[in-house]
Every structure is written in C-alpha cells, then in structure tokens.
Amino acid sequence: MRVALVANTAWLDENLSRLRRLVVGLIDEQVSVVQVLPQGLAKEDSSGFCENVLWRDSRWSLIRRYNLGRTLQHLRSSQVDLIHALDGRTWLGSANLAKQLGVPLVLEASSDLDVPLADRVKRVKGITAAAFVASTAPLAEAIEKKNTENTPVQVIRPGVHVSKERGTAADESAEALCVIVSGNGIYDQAYDAVLQAIQLISQNHQQTQFFFDGQDSDQYAIWQAAKKYDLLSNVSLVPRRLGHRELLLRADVLIHPQSLGRSRMLTLGAMAQSVPVIALKDPWLDYLIDRESAWIIDRPDPELWIERITQMIQTPSQGRDLAERARKWVGENHQATKEIDQTLTLYRQLTGESIKFPQGQP
C-alpha cells in the first residue's frame, strides 16, 4: 500500500512530532508513504525515509485547492493507493485529487471549524471510498450529524509517547515557575482575565515568568495589555518557528486561556511529559477532565486563575500529583501504537487490502 499524507503549515505547526511518528509507524507496517508538505519546510523537519512532494500553502481556500491540484501528476506517477488529508483546510484539495486518481480518501478533523466543511466535501462526487477521522468524540458526533450520506466516521485519538518516569516540575522550595500561556494570540476577554491574574500573582511572586505562545498571530495587543498592567518584566512573547512548541514542554505549567475547540498535541504532549495543565473549559475536547488530566477553569475569571496558579506555586506537590494522574491517563487513552494500528486498519478497509497475519512458528 502507498499512502499520501497531505499536510498544511498550520497543521504541521501543531503536529510535527506526530507526523514523524505516523510516518515511521506506517513504514514499520510495510506501508509506503508519500508526504505532501508545504514549501519552505526545513529539511530536518521532514522524514528522510519517504518521498516528499511539495506544494505552496496559502491562506485562501481556492488557492490552496489549486496548488494541491498541481501535485496530481507527481502523485499519479507515485501510484498512491489512498490520500489522507490531515487538516480540514486540505480536505477539498485532497478530495479533488482522490477523485482524479480514483483512490479512497481519509478526512481528518481536529477542530470544530472542520465540522461545517463536511457539507462542502460531499459536493465532490465520484470518490471511490471515503471516511472521516475525528480526534475527539464530540467532533465525531458533530460530523455524524452533518453526514447525510453515511460516510463512516471514526474516532482515532492522536497518540503520544509517554514519559516512563514521574515528572519533577517545581519542587517544594520553588519560589517561581516558568509558565506557558498558549492560546490563539488574539487579545480578548479570556486573555485579559489571565493578565489580570498575572498582575496580582507577580506582585507576590516576582520571579515567576509567563511566556505567551500565540500560534503565529500578531501578539502586539497582548504586549500592550502587559505594558498597561506593568507586567513587561514578567511576560515574554514567544516567536513562532515550526517545531518550537516542543520546546515549550520544558516549562513547569501549561495554561490554555481560551476555548479554541481544537485538539492540540501541545496539550497531550504536556500531559505525557508530566507538565501540569490548567485550561479554560472546552466542550469539544474530551481529554480535558477536571482533576484527572487537567485543572479546568469554568469561565474566564481572574480570581479563578489566581486560585489555580497560586496553588501551583505554593503547593507544588498538588501540581505534581495532577501531572502524574494526567501522565497515566494519557498513557492509557492516547497511545501512539494504538493510533497507528487504528489508522492502518482504516486504510485497509478503504482500499480492500487484506490484513496480514503473522506466520505461525513451525
């Protein structure tokens, strides 16, 4: 079997390490992989174990579809048997490729923004077989409601490699923490609530540092708010570079100030590496379980953020206990090997390839 994995820049920014694991896992299962990747990707960020096809990504849907269409001849000569669109923004372009190549199509959803796109993909007629893959159960349920043509919808949870040892974030004598604040970078009420909380916390814990990761957004408004609250000595803005979020997992605490409706490998990676997570409640993300995998804030209230962050500073053992519970939970529910197995099974169902059973021992 030869599979084309179609990725765009935004998806890679969140899932670069996951793509590497997926490629290696499929190759290990004797699946040949073609990576359809956006131009400008650093050589070290792509796998050298498979063929790469480059395309020019764009913020505009029509241009994305056109540019993906230009990979048709290359994919035809590579004789791919299936196309896996890894992000909703690549669905329509990938659907047209699958139609012209006469191969099955897998459409992966990891955001609530992908749900309405299910209707648009249905307009592409003539695809031999198709299936939706959702990263969470709520996303799968929403797509099923849109799915009037009964295209199969399956939940395949993104897999992570879980640390074998309990984390050591912030010991009992810690006077300060390194805290990552990761949202979409667009200043709103949710960000303001966190900044108000930081203002009070920094008065009592001056050495605590907050690093704002903004998903390629212009965070100038956040910088202005930090300046207004006199927080420039405690707040830093993290510049975006592909793969930089893996470096963020070295922090003591991860905060998600907004409900983005998007499954994020940064969150799952933090849990896997015993980094405690504090997040605003998000109904689309079934892996955010209060006191089990994260501490959940019900609403963007500065007092609630102050309570949780201060608790993390003053009683680090509670943060470590939460991180340990999260590490065990994600290890049971987001196994990388299980993701590979489920993905490969789906591929075989769509292509009609028989499952290879191991030979019996003589």
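A few points on the structure. In this text the structure is predicted, and so the values were computed from the model without any measurement.

Here we come to the overall build of the protein. When helices and strands are counted, the protein shows 13 helices and 13 strands. Contacts in the protein between residues far apart in sequence, at least 24 positions, make up 68% of those at least 6 positions apart. Carbon together with sulfur atoms contributes 48% to the accessible area of the protein, which is approximately 16,800 Å² in total.

The next point concerns helix α7 (residues 189–204). With 16 residues, α7 should cover 22 Å at 1.5 Å per step; its first-to-last C-alpha distance of 24 Å lies within 8% of that length. Taken residue by residue, α7 has Ala-190, Tyr-191, Asp-192, Ala-193, Val-194, Leu-195, Ala-197, Ile-198, Ile-201 and Ser-202 as its buried positions. Taken together, the buried residues of α7 touch β8 (178–182), β9 (209–213), α8 (220–228), β10 (235–238) and α11 (302–314). Among the residues of α7, the N-terminal cap falls to Asp-188, whose side-chain oxygen and the backbone nitrogen of Ala-190 are separated by 3.1 Å.

The subject of this paragraph is the pattern of salt bridges. Counted according to the given criterion, the structure contains twelve salt bridges. Where Arg-89 meets Asp-87, a salt bridge forms, and the shortest distance between an N and an O atom there is 2.8 Å. Classification of Asp-87 by relative accessible area gives buried; the value is 4%.

Another point: a nonpolar patch on the surface. Where nonpolar side chains cluster on the molecular surface, the patch consists of Tyr-220, Trp-223, Leu-232 and Leu-237 and spans about 360 Å² of accessible area. With respect to the helices and strands, Leu-237 occurs in strand β10.

With that out of the way, let us pick up the sheet that holds β8. Read from one edge to the other, the open sheet built from six strands follows the order β10-β9-β8-β11-β12-β13, with strand pairing classed as parallel. Only two strands of the sheet have a single partner each, and these edge strands are β10 and β13 (295–297). Averaged over all pairs of adjacent strands, the angle between strand axes in this sheet comes to 20°, irrespective of strand direction. Sheet topology places strand β12 (residues 277–280) next to β13; three bridges connect them, and they run parallel. Within the sheet, the bridge partner assigned to Ile-278 lies in β13 and is Trp-295.

A separate point is the environment of Thr-337. Relative to the helices and strands, Thr-337 resides in helix α13 (residues 336–351). Residue classification places Thr-337 among the exposed positions, given a relative accessible area of 53%. Separated by 176 residues in the primary sequence, Thr-337 and His-161 have C-alpha atoms spaced 9.0 Å apart.

Moving on to the environment of His-334. With respect to the element layout, His-334 can be found in the loop between α12 (316–333) and α13. With 173 residues separating them in the primary sequence, His-334 and His-161 have C-alpha atoms 8.6 Å apart. Residue contacts for His-334: discarding those within four places in its chain leaves Arg-157, Pro-158, Gly-159, Val-160, Leu-268, Tyr-287 and Trp-329.

What follows concerns helix α10 (residues 265–272). Among the eight residues in α10, eight count as buried, and that is most of the element. Within α10 the residues assigned to the buried category are Met-265, Leu-266, Thr-267, Leu-268, Gly-269, Ala-270, Met-271 and Ala-272. Immediately downstream of α10, the backbone of Ser-274 shows phi near 65°, a positive value.

Thresholds, definitions, all that
Residues numbered from 1 in each chain as written. Predicted model: local features only at pLDDT ≥ 70, side-chain atom pairs only at ≥ 80, totals over all residues. Heavy atoms only, no water. Helix = DSSP H or I, 4+ residues; strand = E, 2+ residues; numbered from the N terminus. Contact = heavy atoms within 4.5 Å. Areas by Shrake-Rupley, 256 points an atom, 1.4 Å probe, with all protein chains shown as cover. Expected span 1.5 Å × (residues − 1). Buried < 20%, exposed > 50% of the residue type's maximum accessible area, 1.4 Å probe, protein only. Polar contact = N/O pair within 3.5 Å; in protein donor to acceptor, adjacent residues only side chain to side chain. Salt bridge = Lys/Arg side-chain N within 4 Å of Asp/Glu carboxyl O. Patch = residues over 30% accessible without salt bridge, like charges linked within 9 Å, V, L, I, M, F, W, Y side chains within 5 Å. Pairing = 2+ DSSP bridges. Axes fitted to C-alpha atoms, helices over the stretch in contact; angles between N-to-C directions.

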